[in-house]
Amino acid sequence: MGIGATVGALANLYIVIVLLRDYFQTATMSSSDKLLVVLCLANVYYGFYSAVFLLTGSLLPWIYADINIIGIFITLLTFGAASCAWITASLCFFYFIKIINFSSGPLAWMKMKINIIVPWLIVLSEVVALGCSLLTRLPSVIKVIYYNYSLGVYTAVVHPVNVTLPADVTPVGYMGICAIAFFLPLLIMLVTTFANGGSLFLHIRIMEKNMGTSSSLSAHQSVVGTMTFLLSLNTAMLASMILFFLRIFSPLTFGYWMILIIIYSYPLVKSIILFLGNPKLKEALMKRCHCFVGCTK
């Protein structure tokens, strides 16, 4: 699992290198590429940090006996996961604005100003992710996380000091943070993906009636496919995190390992989705594969 997270981080790092190389060659970067660069950097952070988190828990499980240390680990992990979720939602929102035609209103204005809005979307996403991660440092939230975590993964090897939860400490605060960090961006992905899917369906029906073709149809299909895969991946990721923290499956069971596989393979699967959905990245990957095959012969 740690290897999968590391490979995923390296794959996302390669995407960043490809996009930055094109930027240095042309001195221009599209708004979609800006979102992809930030998204891949968030995936790199999450992938490497997840591997470190897993390695530390395996080799030095006694570290998590300290309530402050586990709180810091969860805070850093929350920032990475929330950043990935919000930047992905921003990318889906960007596709939504670019594809759907708006005659008037705020969305029509945003369509005209989208290149100016994208940097602010990135900043807003990172600010929200940072705010959610800092909220996990609240004493009541730390106690809830520590209490639940100490009963889960490392029950057999960790012997923490007694941590008692006061009567007024409930998981409500932490679930509120999760709602902002993960549920809200997932809702944005859901709405924008279905809107673009409906637009694609109408586009296809019009083409069938007119018995014509459209050069934008394949691009539209590719974008909707990418959004659908991203939505499915983030839904699976969120469901896995909920099941993990609620301890639905006992450690070392099949369901437990499947949850961990989904969580730690998240950066790798997302990099595959981005490669397949972006012609520029797909072409760069194919060239690299051909060079590798040529060197091995």
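The rules we used
Residues numbered from 1 in each chain as written. Predicted model: local features only at pLDDT ≥ 70, side-chain atom pairs only at ≥ 80, totals over all residues. Heavy atoms only, no water. Helix = DSSP H or I, 4+ residues; strand = E, 2+ residues; numbered from the N terminus. Buried < 20%, exposed > 50% of the residue type's maximum accessible area, 1.4 Å probe, protein only. Contact = heavy atoms within 4.5 Å. UniProt positions renumbered as here; feature names shortened; annotations may be inferred. Salt bridge = Lys/Arg side-chain N within 4 Å of Asp/Glu carboxyl O.

A. Structural context of the side chain of Asn-234. Assignment of secondary structure puts Asn-234 in helix 8 (residues 215–245). On the basis of relative accessibility, which here comes to 6%, the residue Asn-234 falls in the buried class. Ignoring sequence-local partners within four residues, the contact set of Asn-234 consists of Ala-85, Thr-88, Leu-186, Met-189, Tyr-266 and Lys-270.

B. Looking closely at the UniProt feature "transmembrane region" (unreviewed entry) in the protein chain. Using the residue numbers shown here, the UniProt feature "transmembrane region" (unreviewed entry) corresponds to residues 6–24, 36–63, 69–96, 117–136, 174–202, 223–248 and 254–277. Here residues 6–24 is 100% helix and 0% strand, with 27 Å between the C-alpha atoms at its ends. Across residues 254–277, helical content stands at 96% and strand content at 0%; the span's end C-alpha atoms are separated by 32 Å.

C. View of the pattern of salt bridges. All chains considered together, the criterion is met by 3 salt bridges. Where Lys-280 meets Asp-22, a salt bridge forms, and the shortest distance between an N and an O atom there is 3.9 Å. Taken together, the positions of Lys-280 in helix 11 (residues 279–296) and Asp-22 in helix 1 (residues 2–26) put the pair 258 residues apart, joining distant regions of the chain. Residue class for Asp-22 comes out buried when judged on its relative accessible area of 17%. Among the residues examined, Lys-280 registers a relative accessible area of 31% and is labelled partly exposed. One continuous salt-bridge network, built from bridges that share partners, spans Arg-21, Asp-22, Asp-33 and Lys-280.

D. Quick peek at the environment of Leu-55. Relative to the helices and strands, Leu-55 resides in helix 2 (residues 31–59). Put simply, Leu-55 and Gly-2 are 53 residues apart on the chain and 7.3 Å apart in space, counted from C-alpha to C-alpha.

E. Summary view of unusual backbone geometry. Backbone geometry at Ala-27 places phi at a positive 65 degrees, although glycine is not the residue there. Inspection of the secondary structure puts Ala-27 in the loop between helix 1 and helix 2.

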